[in-house]
Amino acid sequence: GVYKARGDKQAAIHELEGLLESKPRYVSGWQNLGQLYTDAEEWPKDESALRRAVELDPQNAAAHFNLAFALNALGKMDEAAQHLETAAELEENAP
């Protein structure tokens, strides 16, 4: 929230990591943490956070898409393609 708005991404990361320790099933928190890691180009941490979001909510197209982006940055092209395809299918079948 407020830290990201002020541009203090490290403080925002620290705040979200603390929140997720107490609320480990908070899907949006994992997605937001992944986005902060994307912004910081911390790809291994990004992958980990977004894998958690996908694990908690496998029907979440945005989480699959963002995970595909992180995997692509890490050179894991085949797996990135799988998550991108899943994201597209989920979006196509969304109500």
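The rules behind each value
- Residues numbered from 1 in each chain as written.
- Predicted model: local features only at pLDDT ≥ 70, side-chain atom pairs only at ≥ 80, totals over all residues.
- Heavy atoms only, no water.
- Helix = DSSP H or I, 4+ residues; strand = E, 2+ residues; numbered from the N terminus.
- Expected span 1.5 Å × (residues − 1).
- Buried < 20%, exposed > 50% of the residue type's maximum accessible area, 1.4 Å probe, protein only.
- Salt bridge = Lys/Arg side-chain N within 4 Å of Asp/Glu carboxyl O.

An α-helical turn contains 3.6 residues, so any two residues separated by three or four positions project in the same direction. For helix α3 (residues 27–39), spanning 13 residues, the distance from its first C-alpha to its last is 19 Å, which sits close to the expected 18 Å at 1.5 Å a residue. Within α3, the full set of buried residues consists of V27, G29, W30, Q31, L33, G34, L36, Y37 and T38. Taken from the residues just after α3, E41 is the one with a positive phi, measuring 55 degrees.

Right, let's get into the pattern of salt bridges. Per the counting criterion, the structure on display carries 5 salt bridges. As a salt-bridge pair, R52 and E55 come within 2.5 Å of each other at their nearest N and O atoms. Here E55 and R52 lie together in helix α4 (residues 43–56), a separation of 3 residues that amounts to about one turn. Since its relative accessible area comes to 21%, R52 is described here as partly exposed. Looking at E55, the relative accessible area reads 56%, which means it is exposed. One connected set of salt bridges, linked through shared partners, spans E47, R51, K76 and E79.

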